[in-house]
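Coordinate inspection notes
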Amino acid sequence: MMKHKIKYFDRFVFVLIPMIITAILVYNLSFAMLRVINAAMAQEWTLFWNESLWMMIFVVLLVPSNLLTAYCRTAFSKYALTRMKSDYLEAVFGKNIDEFQKDNNAAYVSALTNDFSIIETDYIEQIVGIAEGIINFSTAIIIYSMINPLILLVGIGMMVVNGLLSNLIERPVKKHNRERSELFAGYNSFIKEVLSAFGIIKNNGLETRVRTNFNTKSESVQQKKYIIDKLMSFVFVAQNALGMSVFLVLMLFVVKMTLSGAITFAAVVVIVNNIDKLIGPIFTVAEAIPKVRSVKAIFTRIEKSLQDKNTHVETLNLSSFEHEITFKNVSFAYEENQVLKNVDLTFEKGKKYLIIGPSGGGKSTVLRLLRKYFEPSEGTIEIDGSLLSDIKKQDYFARIANIEQMIFLFEDTLRNNLTLFKDYDDAEISEAIAKAGLTEFVQSNSEGLDYMIYDNGKNVSGGEKSRIAIARALLNKSDIIMLDEAFASLDRNRVKAIEATLMALDGVMIINVSHVVIAENKDLYDGIVQVKNKSAFMINR
Ligand code: ADP
Ligand code: MG
C-alpha cells in the first residue's frame, strides 16, 4: 500500500490552485505598487489614483484567496491521512491469520498512532510546505527578474547552495528517525505487556523492577527525540546564517544598481517587500526535504509489517463440502520443533470427532492445520480430493466455524450477536436457538432477542456464550465446527450438556480438542483421535 503513496496526492491540485491564485495576486499587487510609487514620484496624480484602485482590488482579493489556501491545506492533510490509515487497517485485516498471530501486534498499534502522526507532520504537511515554498520562491524570482534579470542569477545561486546544504544534513536525521520509530515500537509492546500483566506484577511486588525497565525505555525514546531536535536546531542555525548572508549580498547588489540608475526607488521598495518570499522558502524547503526523505524509513517499516511471508497463491473455489477431509502422510514442524510425523487421518462429513492427548502433544497444531493457519511441512491435506492449500481462504473459512474459549461479543442486542449483523428470517433464528440450546435463555428475559449484551458479555454466563457461538455457526450454515479447549473454564455439567447439544447437530462435522473427557459422552463421538509422540491416529470404535 505504501509503495503507491502518489495515490494519496490525487487531491493535491486543490492545494496548488489556491496557492497559484494567491501568487498571481501577489505578482499583480507588486507591480501595481511599483506603478503607484512611480506615478507619485512623477507627480502624475490621475495615474496614481487609477493604479491605487487596482492595488486595493488586489489587496482585497488576497483575503479570500489566503483563507481558501489555508482551508485547502488542512482539508487535504485530513483527507490524505484518513485514507492512508483506512487503507492500512484494511491491509492489516488482509494479512493471513497465521502471520498476524506470529507478529506482536504492538507494531500495528505503533503504526496507527506514532508512525502516522509523524507521517502527518513530517511528510504530508512538509510536502504542502515545499509546494508553497516553491511557488513563493518562483513568484519572487519572476518579480525580481522582471525588475532586473541579473537578480535571477542571485536567486539561482542561492537555490544551489540550499540544495547542497539539505543533502548534507539529510543522512543523520533519516537514520535517527528510523531508530526512533523502532524504539517507539519496542516501547509500545513493553507498555502492552506491562498493562496486561498488571495482576502478576502487583501480586509479586514487581512494580519497582517494571518501573526501572519503563524508565530506561521511555528515556531512550526521549533521548532520540532530543538528538533529532539538536540536529534540527543545527540545521536551523546554519540556514539562518545562509539566509542572512543572502539578504546582505542582495541588498548590496540592489544599492549598487540603484546608485547606477539601473533600477528605480519604486523597484527597491518592491524588492524589499518581497524579500521574505525569496528567503523564507530557503528555510522551509531546506528543513522540509530531509524530513520528507527521512519518513521513507517509516514507510518501509510499515510496509514490512504488512507483508505476508507466505505467498502461495490459492486457485481453487470451494462451493460445497460433501465427503471428507484427509491428512495424507502429514508432517509438521515449528522451525526446529517437529510436532507431527507421517500422520494419516480421515474426517468425514457430519461425523463427530474428539481429539485427545497430553498437553504439548500437538492437538492444537492438528486443528491449526485443519483451520489452514499453517501448511504441512510434508504430505498433504485434502478436502473432497482437492489440496486444502489451494482452496481459497474466504471459501473455506465460510464453511467452518471456530469456537474459542474467549468468545467475542459485541455490545449490542442478542439478535445481532447471533446473526453477526446479517439478515436471517425469524424462523431460521428460532431454529438455530433451539438447536444450540438457547431457548430457555432467550425466554428467561422479557426483552427476548432484543436483550442487550454489555461489555463483551458481562451479563451472559460462560455456558451461554458457548451456545451463542454454536448458534452463530448454525445460522452461518457451517459444515464444520472446530473447538479448541472451548469449555475449559466451564463446570462439568455444563460441558456435558453443551457436548450433547453439539453431538445432536445433524450434518455438521464436529472436531473437538479437549483434555477434559467426560466418560458418558465419549460414546457419542464417531471417532477419537489420539495425538502423542508426534503421531496422531484414530481410535476406531
Ligand atoms: P497441545 O494443543 O496438544 O497442547 P500444541 O499443538 O499447542 O499442543 O503444541 C505442540 C508443540 O508445538 C509444543 O511443543 C509447543 O510448544 C509447540 N508450539 C505450539 N505452537 C507453536 C508456535 N506457534 N511456534 C512454535 N512452537 C509452537
Ligand atoms: Mg492446545
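Residues numbered from 1 in each chain as written. Chains lettered and ligands numbered in written order. Predicted model: local features only at pLDDT ≥ 70, side-chain atom pairs only at ≥ 80, totals over all residues. Heavy atoms only, no water.

Right, let's get into the side chain of Gln530. Following the sequence through the fold, Gln530 ends up in strand β9 (residues 527-532). Not counting residues up to four positions away in its chain, the partners in contact with Gln530 are Ile356, Gly357, Ser535, Ala536, Phe537 and Ile539. (Helix = DSSP H or I, 4+ residues; strand = E, 2+ residues; numbered from the N terminus. Contact = heavy atoms within 4.5 Å.)

The next point concerns the site of ligand 1. Contacts to ligand 1 come from Tyr334, Asn337, Val339, Pro358, Ser359, Gly360, Gly361, Gly362, Lys363, Ser364, Thr365 and Arg368. Between ligand 1 and Asn337, the relevant distance is 3.4 Å, taken from an oxygen atom to a side-chain nitrogen or oxygen of the residue. The contact in question runs from an oxygen atom of ligand 1 to an N or O atom on the backbone of Gly362, over 2.9 Å. With the chains in place, 61% of the 560 Å² that ligand 1 exposes on its own is no longer accessible. (Near = heavy atom within 4 Å. Polar contact = N/O pair within 3.5 Å; in protein donor to acceptor, adjacent residues only side chain to side chain. Areas by Shrake-Rupley, 256 points an atom, 1.4 Å probe, with all protein chains shown as cover.)

For the rest of this paragraph, the subject is the packing of aromatic side chains. Under the definition given, this model contains 20 aromatic pairs. Ring geometry for Tyr187 versus Phe214: centroids 6.0 Å apart, planes at 40°, classification tilted. Here Phe214 lies in helix α7 (residues 207-259) and Tyr187 lies in helix α5 (residues 150-196), a separation of 27 residues in the sequence. When its relative accessible area of 19% is taken as the criterion, Tyr187 is described as buried. (Phe/Tyr/Trp six-rings, centres within 6.5 Å; stacked < 30°, edge-to-face > 60°. Buried < 20%, exposed > 50% of the residue type's maximum accessible area, 1.4 Å probe, protein only.)

Time to look at the packing of helix α13 (residues 426-435) against helix α15 (residues 462-475). As a packed pair, α13 and α15 sit with axes 8 Å apart at the nearest point and diverge in direction by 135°. With respect to α15, the axis of α13 lies oblique. Here α13 runs over α15; the crossing is right-handed. Of α15, the residues touching α13 (which contributes Glu428, Ile429, Ala432 and Lys435) are Ala471, Leu474 and Leu475. Looking at the contact of α13 with α15, its residues break down into 5 nonpolar, no polar and 2 charged. (Axes fitted to C-alpha atoms, helices over the stretch in contact; angles between N-to-C directions. Parallel < 35°, antiparallel > 145°, perpendicular 65-115°, else oblique. Left-handed = near helix turned anticlockwise from the far one by under 90°. Nonpolar A, V, L, I, M, F, W, Y, C, P; charged D, E, K, R; others polar.)

The first and last C-alpha atoms of helix α2 (residues 45-93) sit 72 Å apart over 49 residues, in line with the 72 Å expected at 1.5 Å per residue. Where α2 bends most, the angle comes to about 25°, and this point is Leu62, followed within four residues by the proline Pro64. (Expected span 1.5 Å × (residues − 1). Bend = angle between axes of the 7 residues up to and from the residue.)

With that out of the way, let us pick up the domain arrangement of the protein. Per the domain assignment, the segments of the protein are domain 1 (2-305) and domain 2 (324-539). A straight line from the C-alpha centre of domain 1 to that of domain 2 covers 54 Å. (Domains from an automatic or database assignment.)

The strands making up a sheet associate through hydrogen bonds between their backbones, and the pairing can be parallel or antiparallel. In space, the 6 strands of this open sheet follow the order β6-β7-β8-β3-β9-β10, with mixed pairing throughout. The sheet terminates laterally at β6 (400-403) and β10 (535-539), the two strands that pair on one side only. The mean inter-strand angle of the sheet, taken between neighbouring strand axes irrespective of direction, is 15°. The pairing of strand β7 (residues 480-484) with strand β8 (residues 509-513) spans 5 bridges and is parallel. (Pairing = 2+ DSSP bridges.)

Of all residues except glycine, most have a negative phi; of all peptide bonds, most are trans. The backbone phi angle of Glu335 is positive, close to 45°, even though this residue is not glycine. Its place among the elements puts Glu335 in the loop between β1 (324-334) and β2 (337-348). On the basis of relative accessible area, Glu335 is assigned to the exposed category, the value being 77%. A positive phi angle is found at Lys372, which is not glycine, with a value near 70°. Following the sequence through the fold, Lys372 ends up in the loop between α10 (363-370) and β4 (378-383). Taking relative accessible area as the criterion, Lys372 reaches 3% and is therefore assigned buried.

Our focus in this paragraph is the pairing of β2. Examined bridge by bridge, β1 and β2 share 8 bridges and lie antiparallel to one another. Pairing of Glu324 across the sheet is with Glu348, part of β2. Linkage of β1 to β2, two consecutive antiparallel strands, is achieved through a turn of 2 residues, within which Glu335 is found at a positive phi near 45°.

Read across the sheet, 4 strands follow the order β2-β1-β4-β5 without closing on themselves; strand pairing throughout is antiparallel. On the outer flanks of this sheet lie β2 and β5 (386-387), each paired with one strand and no other. By the bridge criterion, 5 bridges tie β1 to β4 in an arrangement that is antiparallel. Bridge pairing links Ser331 to Glu378 in β4. In the packing of α10 onto the sheet, the strands contacted are β1, β2 and β4, and the crossing angle to β1 comes to about 120°.

Along the chain, the position of Lys256 falls in helix α7. For the pair Lys256 and Ala469, spaced 213 residues apart in the sequence, the C-alpha separation amounts to 87 Å.

So, about the nonpolar core. Core analysis: the largest hydrophobic core is formed by 42 residues, its most contacted members being Leu414, Leu418 and Ile481. Elements that contribute at least two residues to this core include exactly β3 (352-356), β6, α12 (414-419), α13, α14 (439-443), α15, β7 and α16 (492-503). By residue number, the principal contributor to this core is α15, which donates 7 residues. If we ignore the near neighbours within four places in the chain, the residues touching Ile481 are Ala401, Ile403, Ala473, Leu505, Val508, Met509, Ile510 and Ile511. Counting 33 residues, the second largest nonpolar core, distinct from the first, contains Leu345, Phe347, Ile355 and Ala536. (Core = buried A, V, L, I, M, F, W, Y, C linked by side-chain atoms within 4.5 Å.)

As a further point, take the pattern of salt bridges. Taken as a whole, this structure holds 20 salt bridges when the rule is applied. A salt bridge links Arg73 to Glu132; the nearest nitrogen and oxygen atoms lie 2.8 Å apart. Taken together, the residues span a long stretch of sequence, with Arg73 in helix α2 and Glu132 in helix α4 (residues 106-147) at a distance of 59 residues. Among the residues examined, Arg73 registers a relative accessible area of 26% and is labelled partly exposed. For Glu348, the salt bridge identified is with Lys351, shortest N-O distance 3.3 Å. For Glu348, a relative accessible area of 34% corresponds to the partly exposed category. Residue Lys351 is classed as partly exposed on the basis of its relative accessible area, which comes to 31%. If you follow the salt bridges from partner to partner, you end up with Glu314, Lys372 and Lys393 in one network. (Salt bridge = Lys/Arg side-chain N within 4 Å of Asp/Glu carboxyl O.)

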